Amino acid sequence: MKKILVSCAFSLAVLLGACGPSYSAAMDIEGLVNNFYKATDLQKVQVLKDSLGKEISCGGTVSNAGEYDFFDTANDLGNTYYQVSIIPQKTKNNVTYQLVFLFKDKDKVKDIDKGQNIQQSGKIIRLLDERLQISVWIFCGELTQEDKALFKQN
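Owing to the predicted nature of the structure, the values given are computational and were not obtained by experimental measurement.

Parameters and conventions
Residues numbered from 1 in each chain as written. Predicted model: local features only at pLDDT ≥ 70, side-chain atom pairs only at ≥ 80, totals over all residues. Heavy atoms only, no water. Salt bridge = Lys/Arg side-chain N within 4 Å of Asp/Glu carboxyl O. Helix = DSSP H or I, 4+ residues; strand = E, 2+ residues; numbered from the N terminus. Buried < 20%, exposed > 50% of the residue type's maximum accessible area, 1.4 Å probe, protein only. Axes fitted to C-alpha atoms, helices over the stretch in contact; angles between N-to-C directions. Parallel < 35°, antiparallel > 145°, perpendicular 65-115°, else oblique. Contact = heavy atoms within 4.5 Å. Nonpolar A, V, L, I, M, F, W, Y, C, P; charged D, E, K, R; others polar. Pairing = 2+ DSSP bridges.

J.: Explain the pattern of salt bridges here, please?
T.: A side chain of one charge can pair with a side chain of the opposite charge if their charged atoms are brought near each other. A full pass over the atoms with the stated rule returns five salt bridges. The shortest N-O distance in the salt bridge between Glu55 and Lys123 comes to 3.9 Å. Of this pair, Glu55 sits in strand S1 (residues 55–72) while Lys123 sits in strand S5 (residues 117–129), and the two are 68 residues apart along the sequence. Residue Glu55 is classed as partly exposed on the basis of its relative accessible area, which comes to 38%. Asp147 is the partner of Lys104 in a salt bridge, and the nearest nitrogen-oxygen pair spans 2.7 Å. Of this pair, Lys104 sits in the loop between strand S4 (96–103) and S5 while Asp147 sits in helix H4 (residues 145–151), and the two are 43 residues apart along the sequence.

Structure, rendered in structure tokens:
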């Protein structure tokens with residue numbers, strides 16, 4: 001009987017360990033924001049490593065859409081993208097965050113209006129703690145090597 005209890009306890013511990021606190025950026029924007037907000041500077045390095053390049057689907061109310069130029073002076077690379085900013089939102093834990101969607105194709109954003117609710121999917125390319133809010137940048141489209149170099153976050 002004692003062996004069975006020990007075996008059950010071990011199995012339960014393994015099961016709980018496997019299902020314990022872990023995070024998948026592709027599943028939950030609020031979880032990502034809360035996790036990044038509460039992380040120390042050292043822990044943020046790991047959150048970034050786990051999150052950047054992951055697919056995510058999220059949305060909100062559009063605050064603006066416009067042209068946005070990226071330039072990397074170190075590699076002498078530049079390109080124009082189209083940015084859709086979402087009105088800052090709060091997680092259930094009261095953490096403020098803003099979503100920024102980037103597109104290569106102007107036609108994909110030209111009909112988006114201020115105040116419109118949108119939902120988009122894409123890859124996380126930036127995650128920034130701006131002290132007053134967390135910014136999550138999402139690239140909607142296929143990332144080329146040049147895009148990846150421009151969006152590289154140190």
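J.: Which parts of the structure should I look at to understand the packing of helix H2 (residues 29–38) against helix H3 (residues 41–51)?
T.: Two quantities define a packed helix pair, namely the angle between the axes and the distance from one axis to the other. Close contact between H2 and H3 brings their axes to 8 Å; oriented N to C, the two are set at 155°. In this view, H2 runs roughly antiparallel relative to H3, as classed from their interaxial angle. On H3, the residues that touch Leu32, Asn35, Phe36, Tyr37 and Lys38 of H2 are Gln43, Lys44, Val47, Leu48 and Ser51. Residue composition of the contact of H2 with H3, by class: five nonpolar, three polar and two charged.

J.: For this particular structure, what's the right way to read the pairing of S4?
T.: Look at any regular strand and the pattern is simple: side chains alternate between the two faces of the sheet. In terms of residue burial, S4 counts as a mostly covered element, since eight of its eight residues are buried. Every second residue of S4 is oriented toward a common face, with Thr96, Gln98, Val100 and Leu102 on one face and Tyr97, Leu99, Phe101 and Phe103 on the other, all of them buried. Sheet analysis places strand S2 (residues 77–86) next to S4, joined by four bridges and oriented antiparallel. Bridging from a neighbouring strand, Val84 pairs with Phe101 of S4. Strand direction decides the pairing type here: strand S3 (residues 89–90) and S4, joined by two bridges, are antiparallel. Bridge assignment links Lys90 to a residue of S4, and that residue is Thr96. As consecutive antiparallel partners, S3 and S4 are separated by five residues, and within that stretch Asn94 has a phi angle of approximately 70°, a positive value.

The analysis is restricted to geometry; functional conclusions fall outside its scope.
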